[in-house]
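These are the residues of each chain, in order.
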Amino acid sequence: MTTSGESHFGRATICDIAEELRCHILSFLSYHEMICCALTCQTFYNTVKNSLKLQYIIELDAQRLMLVHPRSPTVTVAEYLRALRDKASAWSSFKLNVSQRLRFPFPVSGLLSTSQLIFRSITHQQLSIVVCLRADLISKVIDLRTCTPETVNAPPCKWSNNKIHEFYCVDETQDLMVAGDMSGYLPMGNSKHQIHLHTISTGERHPLARGCRLVTGRATYEITAIFTRDADCRYKHGEAAVLGDRLAFYGIVGAGGRTYRSLHVWNWHQGGPADDVCISGEGYGLSDIRFLTMEKLLILLPQGHIELYDVEDLSKAPLLQASFVLPVPVNAHRFRFQFPSVSHSPSSCARLALTYEHWIWTTNPADRVICVEAPTRSWPIIAISARVFFMDIPPTWIDTTSEGGRVVPWSSWGPQNSRCFPLDWRLFGVGGSRIVWPVHVSGSGFRLHMVDFNPCAIARGIGKVVREPSSTDFDSEDVVTTYLPYMEVVSDLVFDGSPIDIILNEERLLVFAVMRTVSAFPACQI
């Protein structure tokens, strides 16, 4: 293609058409294709440089962000472009300024006991805190733009469940709490998991759900019953994950010296044949279960494997795509995923006022970072690039001798797609492509340490860029070497007190701490 002057036949080239039309044509290209075109000639370079629309597309792709809400027609492209660049600069410099200090008159720190769970999230400038205290539930939603000490200290929503369930999961964007328990006896072959779908705010049945759901996993329990005629069930357990209209349930039964599992995924708005379309049979226990996207489900197994399932077609059983081996000891029952699973949809974004001040983007799922949290402080966290779960697995990576031919050894996929970090405290926050954790300072207090795996942040190199391999001990025998590139920076701001939690997204960073200079109630610094 001729890009300047006239062709050999005297016809006009793309450089001779109106710049508005040339800009429109270029807007259909990817970020990398647009940059390549800008390098071909002066005309294309000036078109890309002078177009705010093209600069906005380039900045959005460079930061690995995608729209979760249409841009407001009353806000100019220049304002959105400035918002993107200002936020990227703020994160890269990591010069923190505490804009608010909030004190909470109820517990907001992590796992208090087996019957006391805390769920925290931040979505669209809304801080949600859900506290399960035995059979009672306390919830609070705080608008971070308009909150005052009075609104924070206002009584939270509270309702009684009249029962302590075996497991819980929540989706604050849909005002949804999923709770479940097992009933029945295995030797009779009629055990069921009962899934309850409540609203967080009132405790009533969720208006989009069809009451409670009975998940029997008949195939699993028929097999289990064979081994439990003369022996009682040793243990039973269930976990659930929710994202948008998808609900996944993983049930476990231990009996007769064996473990049996049942995996169900269905549309909780519609019900669905969860009992007939599932994976069931002899298997393993469970450490954690999370949706990566609506189509991809991750399951963390105690033997140190991450199973990746395709759950796009709900009329079919979940399809195991790969089982990624982690460099952790076998029987790591307390390992957990750490990354926010938020479904951005028109309904969840409907309450946004479309102004320049609102952040309307989120990190592309493939460019997020997923952390695996170790059960003890002596073990590091494992940060994994989510891109590995979106790629076509090379056949050379797969251990063809493994059962099912789906196991991917750590040496094939892990070192180049992950980093291990030892921490002073066993707490950290994950959001988008960033991880933030506290580090001790002399005396009392702490600073925040941030690492960013976004290639744009690494290329701009405002902080310290780390590309060299690093080695970490998981125990006295195993040394793990990883080399996924990242940018790191440590804030100069010193926080007084002891940190108890950190949550963040692409726009906000919240630090929960027990302050030494105030009462024993936790404080949130934003």
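Everything numeric in this text was worked out from a predicted model, so none of it was measured.

### Some thoughts on the pattern of salt bridges
Side-chain pairs of opposite charge can arise whenever the charged atoms involved come near each other.
Alright, step 1. Counted under the stated rule, the structure contains 8 salt bridges.
Alright, step 2. Between Glu307 and Arg261 there is a salt bridge whose closest N-O contact spans 3.2 Å. A residue pair is termed long-range when its members are at least 10 positions apart, and Glu307 in strand 17 (residues 305–310) and Arg261 in strand 13 (residues 258–267) qualify at 46 residues. Note on accessibility: Glu307 and Arg261 belong to one class, buried.
Alright, step 3. A salt bridge links Arg387 to Asp367; the shortest N-O distance between them is 2.5 Å. Taken together, the positions of Arg387 in the loop between strand 22 (381–385) and strand 23 (407–408) and Asp367 in the loop between strand 20 (361–363) and strand 21 (369–373) put the pair 20 residues apart, joining distant regions of the chain.

### Some words on empty space enclosed by the protein
Alright, step 1. Applying the stated criterion to the full structure yields 4 cavities of 30 Å³ or more.
Alright, step 2. In this structure, the largest cavity encloses a volume near 180 Å³.
Alright, step 3. What lines the largest cavity is a set of 16 residues, and nearest its centre among them are Gln63, Ala88, Arg434, Asp452 and Asn454.
Alright, step 4. Contributions of two or more residues to the lining of the largest cavity are made by helix 5 (77–93) and helix 10 (455–460).
Alright, step 5. The dominant element in the lining of the largest cavity, judged by the number of residues it contributes, is helix 5, at 4 residues.
Alright, step 6. In terms of residue class, the lining of the largest cavity is built from 6 nonpolar, 5 polar and 5 charged.

### Quick look at unusual backbone geometry
Alright, step 1. Even without being a glycine, Arg64 presents a positive backbone phi close to 60°.
Alright, step 2. Despite not being glycine, Phe94 shows a phi value in the positive range, around 55°.
Alright, step 3. Mapped onto the fold, Phe94 is located in the loop between helix 5 and strand 2 (101–103).
Alright, step 4. According to the relative accessible area criterion, Phe94 is buried, its value standing at 2%.

### Quick notes on the nonpolar core
Alright, step 1. Among the nonpolar cores identified, the biggest contains 43 residues, and Ile306, Phe389 and Ile435 are the most heavily contacted of them.
Alright, step 2. Taken together, the elements giving at least two residues each to this core come down to strand 16 (296–301), strand 17, strand 18 (319–325), strand 21, strand 22, helix 9 (410–413), strand 24 (418–421) and strand 26 (434–440).
Alright, step 3. Setting aside residues up to four positions removed in sequence, Ile306 forms contacts with Leu298, Ile299, Leu300, Ala322, Ser323, Phe324, Leu326, Phe337, Val372, Ile384 and Phe389.
Alright, step 4. With 18 residues, the next largest nonpolar core counts Phe94, Phe446, Met450 and Leu504 among its residues.

### So, the packing of aromatic side chains
Alright, step 1. Overall, the coordinates contain 13 aromatic pairs when judged by the stated rule.
Alright, step 2. Measuring from ring centre to ring centre gives 6.0 Å for Phe337 and Phe339, while their planes differ by 70°; the resulting arrangement is edge-to-face. Of the two residues, Phe337 and Phe339, both sit in the buried class.
Alright, step 3. The aromatic ring of Phe339 is capped on one face by Arg290, whose charged end is 4.5 Å from the ring centroid.
Alright, step 4. The side chain of Lys296 reaches across the aromatic face of Phe390, ending 5.3 Å from its centre.

Conventions adopted
- Residues numbered from 1 in each chain as written.
- Predicted model: local features only at pLDDT ≥ 70, side-chain atom pairs only at ≥ 80, totals over all residues.
- Heavy atoms only, no water.
- Salt bridge = Lys/Arg side-chain N within 4 Å of Asp/Glu carboxyl O.
- Helix = DSSP H or I, 4+ residues; strand = E, 2+ residues; numbered from the N terminus.
- Buried < 20%, exposed > 50% of the residue type's maximum accessible area, 1.4 Å probe, protein only.
- 1 Å grid on protein atoms, 1.4 Å probe; cavity = no way out; pocket = protein on both sides within 12 Å on 5 of 7 lines; lining within 4 Å.
- Points joined across faces, edges and corners; volume = space filled by probe spheres on them.
- Nonpolar A, V, L, I, M, F, W, Y, C, P; charged D, E, K, R; others polar.
- Core = buried A, V, L, I, M, F, W, Y, C linked by side-chain atoms within 4.5 Å.
- Contact = heavy atoms within 4.5 Å.
- Phe/Tyr/Trp six-rings, centres within 6.5 Å; stacked < 30°, edge-to-face > 60°.
- Lys NZ or Arg CZ within 6 Å of the ring centre and 35° of its normal.

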